[in-house]
Amino acid sequence: MHSSSQLRILFVCLGNICRSPAAEIVCRTALKRAELAGRVLVDSCGTASYHVGSKPDSRMLAALNRAGFGYDGHRARQLKQSDGMHFDLVIPQDAENLRDVQRVLHGSTAKVLPMSRWFPTGCTLQEVPDPYYGEEADFDAVVRLLADSMPQLVEELRAGISV
Ligand code: 4NP
């Protein structure tokens with residue numbers, strides 16, 4: 001846990017315009033519901049630089065909106081080595097993101113755990129699928145997967161941040 005009493009967690013995907021900003025918004029909402037919002041700082045970033053400064057993809061914002069999640073003004077940024085010092089827990093969305101995070105944050109104190117760790121029981125997926133070249137239903141499926149996973153993550157955070 002960080003030296004302040006606030007835990008800092010960072011969701012990571014490739015572009016930081018689809019999956020990780022969605023994870024950030026869904027997580028923040030779950031933390032508010034669990035009355036843990038003040039205890040946990042949540043951010044997101046991408047391993048690639050293509051979309052730095054961009055808003056989340058409009059298809060992802062539409063999917064979030066359909067599921068009842070609002071947009072909070074996020075702009076894409078790229079993962080940097082110093083994130084390994086600032087964040088306690090870094091959560092890559094897929095296996096490629098995990099490898100890239102481990103390379104960039106090599107030697108850092110941050111704990112790196114894949115999002116799949118919190119997938120709901122019975123889920124057969126190994127990672128959060130990249131919806132970028134997909135259709136509306138793929139974006140909805142990502143939001144649903146994240147929304148179904150987040151209560152488990154929030155409970156682990158509540159239970160003494162025992163990750
Ligand atoms: P994300 O999705 O990693 O979930 O933000 C993608 C965004 C952009 C690209 C691929 C995936 N791209 O190839 O530009």
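Residues numbered from 1 in each chain as written. Predicted model: local features only at pLDDT ≥ 70, side-chain atom pairs only at ≥ 80, totals over all residues. Heavy atoms only, no water.

Caption draft 1: Broad picture of the overall build of the protein chain. Helix and strand content of the protein chain: five helices and four strands. Walking the protein chain from its N terminus toward its C terminus, one meets helices and strands in the order β-α-β-α-α-β-α-β-α. By the compact-globule yardstick of 15 Å for 163 residues, the protein chain fits well, its C-alpha radius of gyration being 14 Å. The buried share of the protein chain, reckoned over its 163 residues, is 46%. (Helix = DSSP H or I, 4+ residues; strand = E, 2+ residues; numbered from the N terminus. Rg over C-alpha atoms; globule rule 2.2 N^0.38 Å. Buried < 20%, exposed > 50% of the residue type's maximum accessible area, 1.4 Å probe, protein only.)

Caption draft 2: The arrangement of the site of the ligand in detail. Within the structure, the ligand sits among Cys13, Leu14, Gly15, Asn16, Ile17, Cys18, Arg19, Tyr50, His51, Asp130, Tyr132 and Tyr133. At a separation of 3.0 Å, an oxygen atom of the ligand approaches a polar backbone atom of Ile17. Arg19 is positioned such that a nitrogen or oxygen atom in its side chain is 2.7 Å from an oxygen atom of the ligand. Contact with the protein chains hides 93% of the accessible area of the ligand, taken as 360 Å² for the molecule alone. (Near = heavy atom within 4 Å. Polar contact = N/O pair within 3.5 Å; in protein donor to acceptor, adjacent residues only side chain to side chain. Areas by Shrake-Rupley, 256 points an atom, 1.4 Å probe, with all protein chains shown as cover.)

Caption draft 3: How the structure looks around the pattern of salt bridges. Applying the stated criterion across every chain, the model contains 12 salt bridges. Note that Asp130 is salt-bridged to Arg19, the shortest N-O span being 4.0 Å. Taken together, the positions of Asp130 in the loop between strand S4 (111–112) and helix H5 (136–158) and Arg19 in helix H1 (residues 19–33) put the pair 111 residues apart, joining distant regions of the chain. Exposure remark for Asp130: the relative accessible area of 42% places this residue in the partly exposed category. When its relative accessible area of 2% is taken as the criterion, Arg19 is described as buried. The partner of Glu155 in a salt bridge is Arg158, with the nearest N and O atoms 3.4 Å apart. Here Glu155 and its partner Arg158 are both found in helix H5, three residues apart, which amounts to about one turn of the helix. (Salt bridge = Lys/Arg side-chain N within 4 Å of Asp/Glu carboxyl O.)

Caption draft 4: Representation of the nonpolar core. Counting residues in each nonpolar core, the largest one holds 37 residues, and the members touching the most others are Ile9, Phe11, Met60, Met115, Leu146, Met150 and Leu153. Going through the elements one at a time, strand S1 (7–13), H1, strand S2 (40–46), helix H2 (58–66), strand S3 (89–92) and H5 are the ones with two or more residues in this core. For this core, the element with the highest residue contribution is H5, accounting for nine residues. With residues near it in sequence (within four places) discarded, Leu146 still touches Arg19, Ala22, Ala23, Val26, Gln93, Met115 and Val128. Membership of the second largest hydrophobic core comes to nine residues, among which are Leu10, Leu79, Val101 and Ala110. (Core = buried A, V, L, I, M, F, W, Y, C linked by side-chain atoms within 4.5 Å. Contact = heavy atoms within 4.5 Å.)

Caption draft 5: Here's a closer look at the packing of aromatic side chains. Within the structure shown, the criterion is met by one aromatic pair. One Lys or Arg, Arg59, reaches over the ring of Tyr132 and ends 5.3 Å from the middle of that ring. (Phe/Tyr/Trp six-rings, centres within 6.5 Å; stacked < 30°, edge-to-face > 60°. Lys NZ or Arg CZ within 6 Å of the ring centre and 35° of its normal.)

Caption draft 6: Region of interest: the packing of H2 against H5. Taken N-terminus to C-terminus, the directions of H2 and H5 make an angle of 55 degrees; their axes are 9 Å apart at the nearest point. Looking at the two axes, H2 sits oblique to H5. For the element pair H2 and H5, the recorded crossing hand is right-handed. Here H2 contributes Arg59, Met60, Ala63, Leu64 and Arg66 to the contact with H5, which in turn contributes Glu136, Phe139, Asp140, Val142 and Val143. Looking at the contact of H2 with H5 residue by residue, the classes come out as six nonpolar, no polar and four charged. (Axes fitted to C-alpha atoms, helices over the stretch in contact; angles between N-to-C directions. Parallel < 35°, antiparallel > 145°, perpendicular 65-115°, else oblique. Left-handed = near helix turned anticlockwise from the far one by under 90°. Nonpolar A, V, L, I, M, F, W, Y, C, P; charged D, E, K, R; others polar.)

Caption draft 7: Looking closely at the environment of Gln126. By secondary structure assignment, the location of Gln126 is in the loop between S4 and H5. On the accessibility criterion, Gln126 (66% relative accessible area) is exposed. Along the backbone, Gln126 and Arg39 are 87 residues apart, and their C-alpha atoms lie at a distance of 29 Å. Not counting the four nearest positions on each side in its chain, Gln126 is found in contact with Ser116 and Phe119. A polar contact of 3.5 Å, which involves the side chain of Gln126, links it to the backbone oxygen of Thr124.

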